[in-house]
Amino acid sequence: MIGTPGIREFRTEPALELPPRAAESYWRESWRRLQGSRIAMFCGGVILGIAVVAICAPLISQYVTHYSYSAQDLDNLFQPPRSPHILGTDELGRDTLTRLVYGAQVSLTVGFLTVLLSLLVGGSIGLIAGYYGGWLDSLLMRLVDVLLSIPAIFLFILLSVLLRPNAITLSFIIALVGWGNVGRLVRAEALSLKARDFVTATRSIGAGDLRLIGRHMLPNALPVMIVAASLAVGQIILIEAALSYLGLGIQPPTPSWGNMLSNAQQYFYHSAWLVILPGVCIFVTVLCTSIFGNAVRDSFDPRLR
Amino acid sequence: MLATYAVRRVLVSIPVVIGVTTVTFLVMKVTAGTYVPGLDLDPNLRPEDVVRIRHQLGVDQPLYVQYWQWVTGIAHGDFGRSMLDGTPVFAHIWSRLPATLELTLTAILLGVVISIPLGVAGARQWGSRLDHMLTGISVAGFAVPQFWLGLMLILLFSVSLKRWGLPWLPSGGQESTIGGGDPLDLLAHLVMPATVLSFFYLSVWSRFVRSSTLEVLSQDYVRTARAKGMPERRVLYVHALRNSIVPLVTLIGLELPGLVAGALVVEVVFGWPGLGLMAYERAKAYDFTMVMGTTTFVALLVILGNLVADLLYAVLDPRIRYSS
Amino acid sequence: MREESSPGFDRFERFLEEWSRRDFLKTVSIGTAYAFFLAGGVAALEACGNPGTQGQTSATPQTGGTLVEGWSTEPSYLLPVRSSDVYSNIANRLLFEGLLTVDDKGNLQPNFAQKMPDVSSDGLTYTFKLRNDIKWSDGSPLTPDDVVFTYELYYDPKYDGLLGNRRPTAKRYIKSATAQGDSIILQATTVFAPFLLNYGADVPIVPKKVLSGKTGVQLNTDDFNAGPPISNGKFKFQSWAKGDKLVLARNDLYFRGRVNLAGWIYKKVPDAVAVLQQLKTGEIDVGRLDFSSYDEARAQPNLNVLTFPTFGFDEYIYQLDPGKPGGQLFQDKSVRQALAYGLDRKALVQAAYFGQAVLAASVIPSVSWAYNKDVKPNYSYDTKKAGDLLDAAGWKLGSTGIREKGGQKLSFEMVTNADNSTRVKNLEIMQEQWKKIGVEAQIRNLANLGLLSDSLTSSRQFALMFIGFSLQPFGEPDQSMIWHSRATAVGGNNGGLFKNAAVDKLLDDGVATLDRSKRKDIYVQLQSIMADELPSNIICYPKGIYGVNKRVHNYNLGTFWLYGFGNPLFMKDVWVEPKK
């Protein structure tokens, strides 16, 4: 029988075992664990690289490609990758590389901003619900149930049709609809934290509720939030791509990977790279965020100690 | 007791139902106000026609009256009227529902049927090349956009196969336009959309089955069973599987909203005549009442699905009904 | 839903923890390779296709078989007078026909009438003699009473409340319709040159015995709209699964004899991309193609691609009412002309229409007999001239690169419907080109054509709108419904609120005489004034592009034989080979 697993063998991965060491802070220790996984660091590096590229989009546009993302060259439509257009041109003669880079800006902005907003809203509500308990908890959790029951995409479509969102407003829309999962997770964490001794102790010395939540419970709930966040980024990028495919996400001429893919779909016959390139970008980004996110959880999740 | 658990679960669902209807009502009113496309600006309509149609749609009443009508209407199965042609929303929902159910249930079935052997195989040969390959495929499945996968499959199985004179799959719709309707034809149309829809969940569920199975296989009672000479197959499929089926059910229940959402995109890509495609087209046509009526209906379906999943779970796992 | 985390949820969480405790190097590379395969491999496969067998050519028409047409919008109303869109007319014109029809050159021909009508000397009375061999599909004869009843639906005030875009103009021009023996007498309210084209050839006759006794409002939602029980055209109604397909069957009692086709299906297809896909796979036989699909469609071994000039024209309209957004900016004619000089329409036609459109020189399409190809001014691409005109008008380049005058920027919003990719592209190109002459044009798209039409005909809250028209009847040069000042009323198509007395007069004179050479002179003058005043800039005349499966024969769609108007005579001779 190949590798009959014992309990230990599949619960911890050797690569993440720590050598015996004096006690360190939680964060340091987790960070070390994360560094131990080469794949995760590689993926993290990739994401960092993409983020840097996205932030430097205007610089790249000016100094590397020498094109803006909307400059059209109607005499050079559908050029294959070759100089001076490193990755070719699209249906209006715009430089593909520049647009991909700006598209990274849009996709990553939507991904991270949405997650940030979800954490803010979901985290606050989760902490409050978990801490106070009782009817407030029930009420808030029912609200979460309501939000989680309504299939988000129906609401997205409705709101997108009406508001024709840009990257910022799209983030708000997705966060508004999707904070529920984070809320639940944080609440569960808050519940378990509430029962811990340090909470009782802090209360007994007369600390106010807000102080307790903010200074004591929040930092302890952070790992759970980080874990949820790191996995969500990839999914949100996929949502933005799907909305753009439906014609409802970011509107042209602003490039996003999703709307580049959707516009180029009808030209697959003769310019397949216009479809493949944004698709690969999406795939790689989502894959790397997922892997990195999982590794973050492996390293940072306090429940796995 | 199962009965008390069931009753409690149902009771807890009621405020959720009310919450859903409230949220959808609010969204409807906030987004649309009382603007009715094709009505407010149609110059052929005489003033008395406009008044009459507005009354029919109920948009001339004060807000709380409209809300009450909305909620009581839903209790009777009245999900409002379309803003485009005044026809009852529920009639549209009812006519498109079977197609979406067919797609979603097939996708769930496909997902379960494939992910269980896949997960079990991965667990059995834990750490092997096969396991890593399976893991790789499922991780990739997690990251591929659904619509992209659909487009690629259509390109491969509809267009390219046809080009080479091989039997090909139809690129959209539920049945062939001419001479369709027989089971084989329906199946041919169902294969690609269901595969695309299940793909994402396949990857998640197979990983889940795998880890769940691994966990069981490490338990003492399994060691005992093995020591007593029980064939490995029995160990896997009788004990380990039984342990993972139960949470898998809950997992599916949790994924229901995602499945319905995924169905929308798949329906659009493949032109599958279901609720999702209808909602999408109606949203573009600014028929908000239709969209929100459909959304409410689907949300209620999801709540029902979760309820059923929870009750099933309670039936299968006695520990649940006795806790708290 | 759960008081505390349910055990299942716990389980799920624990599972999430175990998700990725493996070395993913191999798995990542496998995953990535597999994604590349999906993308690249499929592309390679697509490229190296093997042509496959051609359809057998057979000269003798076969009877039987079904033709499937794929459209991305489905019909709304099968009662002709009720419909306001071309999609409904595609279907309802196959079910019902009128007194006259047009041939492939656009000339009027008798249809249900025995011969062309007698016209009184004052041009106001048209007398038609009805054929006595026209039958409804249930065998009953089509009588003059049916004809008169049908016309009443169009003009008679007792049917007020009946919706549809024909009634408002029909009421203006039809005074009465009466029957005398086997003759029908139509009285016009005034001499109206397009009268016979509009009201002789494009009023399909509907059965009195089925529809009489109902009010206009009742007819709006009558079941007839979803399934007429009898018809007099080439086909009769069989079934309609809304959102899916409308099925018609051959009408054996059609007066010209049975058509070759046994059935005809209007299939709803999700979008333009799916139309091409389904043409490729043969799931549909006929479909209108997007400009971007032209090359790809021509390379398909199983398709013929029909292209032909149409009477359509694509344009953008300036808002001329100073009270509306942007209206102030376009009051000055030189600004309007400068923007036209600053637009490279040739490049635009190539990029947005893939060359499948004729560059426009005037307001009237080039296939019309009234077209004047020497219209001046001719707005060729001249950025220097554009800049000079703007400078002279006081719009000087500011520090931001955008022209300014009196502290105001030359900046406005352009609008079109987002679901038409060609129009959206046009706006994107216009935005970039005008940037080069210092004009800031922002893009704001409305979700669908309905909203765009609403904006055009009612709210008029736009500075510049990109839209296309295809005026009917085909071949009739009158454009009063777009440019006449009376069309500025709510419901009219003069969305830019253009008012010009000289143009009004020419438009009125143009239809007030039946003499074609006189009309031509009038329209030549009209085109000159319109080119100079430039209330809108006509970009091009798009061609019609249709993909037709090779198994379909005699599908002679053309400039005059196009959907939505009259009844296509060629449908009688269409025949299909059996599917393999």
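Keep in mind that what you see is a predicted model, and the values were worked out from it rather than measured.

## Considering the overall build of chain A
Here comes step 1: For chain A, the helix and strand inventory stands at 13 helices and zero strands.
Here comes step 2: Overall, chain A shows an N-to-C arrangement of helices and strands of α-α-α-α-α-α-α-α-α-α-α-α-α.
Here comes step 3: Principal axes of the C-alpha set define a box for chain A whose edges measure 75 × 50 × 45 Å.
Here comes step 4: Out of the 305 residues in chain A, the part that is buried amounts to 54%.

## Observations concerning the overall build of chain B
Here comes step 1: Secondary structure assignment for chain B yields twelve helices and zero strands.
Here comes step 2: A total of 324 residues make up chain B; the buried ones form 50% of that total.
Here comes step 3: The long-range fraction of contacts in chain B, counting pairs at least 24 apart against all pairs at least 6 apart in sequence, stands at 72%.

## Quick notes on the environment of B:Tyr201
Residues and elements named next belong to chain B.
Here comes step 1: Tracing the sequence through the fold places Tyr-201 in helix α7 (residues 183-217).
Here comes step 2: Sequence separation between Tyr-201 and Ser-138 is 63 residues, and the spatial gap between their C-alpha atoms is 9.1 Å.
Here comes step 3: In this structure Tyr-201 touches Gly-111, Glu-255 and Leu-259, once residues within four positions along its chain are discounted.

## Things to note about the environment of C:Lys245
Here comes step 1: Its location among the elements puts C:Lys245 in strand β9 (residues 245-250).
Here comes step 2: C:Lys245 gets classed as buried once you count the C-beta atoms within 10 Å, which come to 21.
Here comes step 3: With 329 residues separating them in the primary sequence, C:Lys245 and C:Val574 have C-alpha atoms 20 Å apart.
Here comes step 4: Sequence-distant contacts of C:Lys245, defined by excluding residues within four places in its chain, comprise B:Thr177, C:Ile265, C:Tyr266, C:Lys267 and C:Lys268.

## Some thoughts on α7(B)
Residue and element names in this part refer to chain B.
Here comes step 1: Taking 1.5 Å of rise per residue, the 35 residues of α7 would be expected to cover 51 Å, yet its terminal C-alpha atoms sit only 41 Å apart, more than 12% below that figure.
Here comes step 2: By the largest-angle criterion, Phe-199 marks the main kink of α7, which is about 40°.
Here comes step 3: Counting buried residues in α7 gives 27 out of 35 residues, a clear majority hidden from the surface.

## Topic: the nonpolar core
Residues and elements named next belong to chain A.
Here comes step 1: Residues Phe-156, Ile-157 and Leu-158 are the most contacted members of the largest nonpolar core, which totals 346 residues.
Here comes step 2: Here the element with the most residues in this core is helix α11 (residues 209-245); it accounts for 19 residues.
Here comes step 3: Residues in contact with Phe-156, not counting those within four places in the same chain, are Ile-173, Ile-174, Val-177 and Leu-243.

## Description of the sheet that holds strand β7 (residues 183-188) of chain C
Residues and elements named next belong to chain C.
Here comes step 1: Pairing is antiparallel in the open sheet, where four strands are placed in the order β4-β5-β7-β6. Looking along the sheet, the strands with just one partner apiece sit at the ends: β4 (118-119) and β6 (174-180).
Here comes step 2: Taken together, the two bridges between β4 and strand β5 (residues 125-129) define a ladder with antiparallel strand orientation. Counted as the bridge partner of Val-119 is Tyr-126 from β5.
Here comes step 3: The sheet strands contacting helix α4 (residues 144-155) are β6 and β7, and the helix crosses β6 at an angle near 170°.

## With respect to the pairing of strand β10 (residues 263-268) of chain C
For a regular strand, the rule is simple: side chains alternate between the two faces of the sheet.
Residues and elements named next belong to chain C.
Here comes step 1: Among the six residues that make up β10, five are buried, leaving the element largely enclosed by the rest of the structure.
Here comes step 2: Alignment of strand β1 (residues 66-71) against β10, held across six bridges, turns out to be parallel. If you follow Val-68 over to β10, its bridge partner there is Ile-265.

## Thoughts on the confidence of the model for chain B
All names here are of chain B.
Here comes step 1: Taken as a whole, chain B shows an average pLDDT of 79; of its residues, 89% reach a score of 70 or greater.
Here comes step 2: Ranking the helices and strands of chain B by mean pLDDT puts helix α10 (residues 275-284) first, with 88, and helix α12 (residues 318-322) last, with 65.
Here comes step 3: The ipTM value of the predicted complex is 0.79, and its pTM value is 0.82.

## Topic: helix α10 (residues 197-204) of chain A
Here comes step 1: Across the eight residues that make up α10(A), only a small minority, zero, are buried.
Here comes step 2: In the segment just after α10(A), A:Gly206 is the residue with positive phi, at about 90°.

## Looking at the sheet that holds strand β16 (residues 403-405) of chain C
Here comes step 1: Strand order across the open sheet formed by three strands is β15-β16-β17 (chain C), with antiparallel pairing between neighbours. Edge positions in the sheet fall to β15 (396-397) and β17 (408-409) of chain C, since each of these pairs with one other strand and no more.

## A short note on the environment of C:Lys499
Residues and elements named next belong to chain C.
Here comes step 1: Checked against the element boundaries, Lys-499 lands in the loop between α16 (480-483) and α17 (501-512).
Here comes step 2: Its 17 C-beta neighbours within 10 Å are what place Lys-499 among the partly exposed residues.
Here comes step 3: Residues Lys-499 and Ala-487, spaced twelve residues apart in sequence, show a C-alpha to C-alpha distance of 9.4 Å.
Here comes step 4: In contact with Lys-499, other than residues within four places in its own chain, are Ser-485 and Thr-488.

## Comments concerning the pairing of strand β21 (residues 536-549) of chain C
Residue and element names in this part refer to chain C.
Here comes step 1: Across the 14 residues that make up β21, a large majority, 13, are buried.
Here comes step 2: Sheet topology places strand β12 (residues 303-309) next to β21; seven bridges connect them, and they run antiparallel. Across the sheet, the residue bridging to Phe-308 is Gly-544, located in β21.
Here comes step 3: Bridge count for strand β13 (residues 312-318) against β21 is four bridges, and the pairing is antiparallel. Along β21, the bridge assignment pairs Tyr-316 with Asn-537.
Here comes step 4: Both strand β14 (residues 357-359) and β21 contribute to a ladder of three bridges, which runs antiparallel.

## Examining the packing of helix α6 (residues 134-149) of chain A against helix α9 (residues 180-194) of chain A
All names here are of chain A.
Here comes step 1: In the contact formed by α6 and α9, the axes pass within 9 Å of each other and the chain directions differ by 145°. Here the hand of the crossing between α6 and α9 comes out left-handed. For the pair formed by α6 and α9, the contact residues are Met-141, Val-144, Leu-147 and Leu-148 on the first element and Gly-180, Gly-183, Arg-184 and Arg-187 on the second.
Here comes step 2: In the contact of α6 with α9, the residues fall into four nonpolar, two polar and two charged.

## Regarding the packing of helix α5 (residues 96-132) of chain A against helix α8 (residues 167-178) of chain A
Helices that pack against each other are described as a pair by the angle of their axes relative to one another and the distance between those axes.
Residues and elements named next belong to chain A.
Here comes step 1: Running from amino to carboxyl end, α5 crosses α8 at an angle of 40°, the nearest separation of the two axes being 8 Å. As far as their axial angle goes, α8 and α5 are oblique. Where α5 crosses over α8, the two elements pack in a sense that is right-handed. Across the interface between the two elements, Val-106, Thr-109, Val-110, Leu-113, Thr-114, Leu-117, Ser-118 and Val-121 of α5 pack against Ala-167, Ile-168, Leu-170, Ser-171, Phe-172, Ile-174, Ala-175 and Gly-178 of α8.
Here comes step 2: When the residues that make up the contact of α5 with α8 are grouped by side-chain class, the tally is eleven nonpolar, five polar and no charged.

## Looking at unusual backbone geometry
Here comes step 1: Cis geometry marks the peptide bond from C:Lys376 to C:Pro377, where omega comes out at 0°.
Here comes step 2: Within the fold, C:Pro377 resides in the loop between β14 and α13 (383-392).
Here comes step 3: The backbone of B:Tyr286 shows a phi angle near 65°, a positive value even though the residue is not glycine.
Here comes step 4: Looking at where B:Tyr286 falls in the secondary structure, it is placed in the loop between α10 and α11 (288-316).
Here comes step 5: The buried category is assigned to B:Tyr286, around which 25 C-beta atoms lie within 10 Å.

Rules and cut-offs
- Residues numbered from 1 in each chain as written.
- Chains lettered and ligands numbered in written order.
- Predicted model: local features only at pLDDT ≥ 70, side-chain atom pairs only at ≥ 80, totals over all residues.
- Helix = DSSP H or I, 4+ residues; strand = E, 2+ residues; numbered from the N terminus.
- Buried ≥ 20, exposed ≤ 12 C-beta atoms within 10 Å, placed from the backbone.
- Contact = placed C-beta atoms within 7 Å.
- Expected span 1.5 Å × (residues − 1).
- Bend = angle between axes of the 7 residues up to and from the residue.
- Core = buried A, V, L, I, M, F, W, Y, C linked by C-beta atoms within 7 Å.
- Pairing = 2+ DSSP bridges.
- Axes fitted to C-alpha atoms, helices over the stretch in contact; angles between N-to-C directions.
- pLDDT = per-residue confidence, 0-100.
- Left-handed = near helix turned anticlockwise from the far one by under 90°.
- Nonpolar A, V, L, I, M, F, W, Y, C, P; charged D, E, K, R; others polar.
- Parallel < 35°, antiparallel > 145°, perpendicular 65-115°, else oblique.

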